[in-house]
Amino acid sequence: MKPLTEQEIRAAFVNCTKGEAKRLAIPRDLADRRWEDLDYLGWRDPQAPDRAYLAVELDGRPKALALRSSTSGSWQARRSMCTMCLTTHSGGVSLMVAPKAGRAGQQGNSVGAYICSDLACSLYVRGKRDAGVGARLPETITLEEKIGRTVANLAAFVARVTG
């Protein structure tokens, strides 16, 4: 992923107002991120743990989504699989819900997906973060194919939000 600036990220939000995008918390360490290891930038709002955000470059243009995550509960102790990177976690996957873009979102429509709670799918796929024993099932595809699958899953989610 190519590095994004704070202004590019704020301008890329598709499912919130410009005012909301202006007020939301953007990570302060953008310059220190290892962008070459990221397929998307994902972060949680430190002031509101149920809010999460992601920014991705699709077709040469950045798009960003505002998400709400489920609150933790006892059900999270079960092993669950992220629908983006296909990593399984015990308690490390959350239902992330994004209001749809445009009129549909204004009417309260939303789209959800189970995503790694720490939004570190890129690092799990590349083996740079360990989710524990059995988190990554053995596969015969290459790393590039795994990355491509993750990006395709993410693009499909963004398309559902913007469609």
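Above this text sits the structure in question.
Keep in mind it's a predicted model, so treat the numbers as computed, not measured.

Participant: Explain the layout of surface pockets to me, using residue names and the numbers behind them.
Facilitator: Space inside the largest pocket adds up to approximately 440 Å³. What lines the largest pocket is a set of 18 residues, and nearest its centre among them are Asn15, Cys16, Thr17, Glu20 and Ala66. For the lining of the largest pocket, the class distribution of residues is seven nonpolar, five polar and six charged. A volume near 210 Å³ is recorded for the second largest pocket.

Participant: Let's hear about the sheet that holds strand β2 (residues 48–58): which residues, and what values?
Facilitator: Spatially, the five strands line up as an open sheet ordered β1-β2-β3-β6-β7, and their pairing is antiparallel. Edge strands, defined here as strands with exactly one partner in the open sheet, are β1 (41–45) and β7 (110–116). Ignoring which end each strand starts from, the neighbouring axes of this sheet average 35° apart. The pairing of β2 with strand β3 (residues 61–69) spans eight bridges and is antiparallel. Paired with Arg51 across the strands is Arg68, a residue of β3. Sitting on the sheet, helix α5 (residues 143–162) is in contact with β2, β3, β6 (93–99) and β7, with an inclination near 160° to β7.

Participant: Account for the pattern of salt bridges, naming residues and giving values.
Facilitator: Enumeration over the complete set of coordinates arrives at ten salt bridges. Between Arg34 and Asp37 there is a salt bridge, with its nearest N and O atoms 3.0 Å apart. In this structure, Arg68 and Asp50 form a salt bridge, with 3.1 Å as the shortest nitrogen-oxygen distance. A residue pair is termed long-range when its members are at least 10 positions apart, and Arg68 in strand β3 and Asp50 in strand β2 qualify at 18 residues. What you see here is one network of salt bridges that share partners, running through Arg34, Glu36, Asp37 and Lys128.

Participant: Explain the nonpolar core to me, and be specific about the residues and the numbers.
Facilitator: The biggest cluster of nonpolar side chains holds 27 residues, and the ones touching the most others in it are Tyr40, Leu67, Met84, Ile115, Cys121 and Phe157. Looking at this core, the elements with two or more residues in it are β2, β3, β6, β7, α4 (121–125) and α5. Discounting residues that sit within four places of it in the chain, Phe157 has contacts with Leu65, Leu67, Met84, Met96, Ala98, Val111, Gly112, Ala113 and Ile115. Core analysis: the next-biggest nonpolar cluster, separate from the first, contains 17 residues, Ile9, Ala12, Leu38 and Ala64 among them.

Participant: An account of unusual backbone geometry is requested, with residue identities and associated values reported.
Facilitator: Positive phi values are uncommon outside glycine, yet Leu86 reaches one of about 65°. Note on placement: Leu86 falls in the loop between β4 (79–81) and β5 (88–90).

Participant: Describe the side chain of Lys146, naming the residues involved and giving the relevant values.
Facilitator: Mapped onto the elements of the fold, Lys146 is located in helix α5. The residues touching Lys146, leaving out its near neighbours within four places in the chain, are Val125, Arg136, Glu139 and Ile141.

What counts and what doesn't
Residues numbered from 1 in each chain as written. Predicted model: local features only at pLDDT ≥ 70, side-chain atom pairs only at ≥ 80, totals over all residues. Heavy atoms only, no water. 1 Å grid on protein atoms, 1.4 Å probe; cavity = no way out; pocket = protein on both sides within 12 Å on 5 of 7 lines; lining within 4 Å. Points joined across faces, edges and corners; volume = space filled by probe spheres on them. Nonpolar A, V, L, I, M, F, W, Y, C, P; charged D, E, K, R; others polar. Pairing = 2+ DSSP bridges. Helix = DSSP H or I, 4+ residues; strand = E, 2+ residues; numbered from the N terminus. Axes fitted to C-alpha atoms, helices over the stretch in contact; angles between N-to-C directions. Contact = heavy atoms within 4.5 Å. Salt bridge = Lys/Arg side-chain N within 4 Å of Asp/Glu carboxyl O. Core = buried A, V, L, I, M, F, W, Y, C linked by side-chain atoms within 4.5 Å. Buried < 20%, exposed > 50% of the residue type's maximum accessible area, 1.4 Å probe, protein only.

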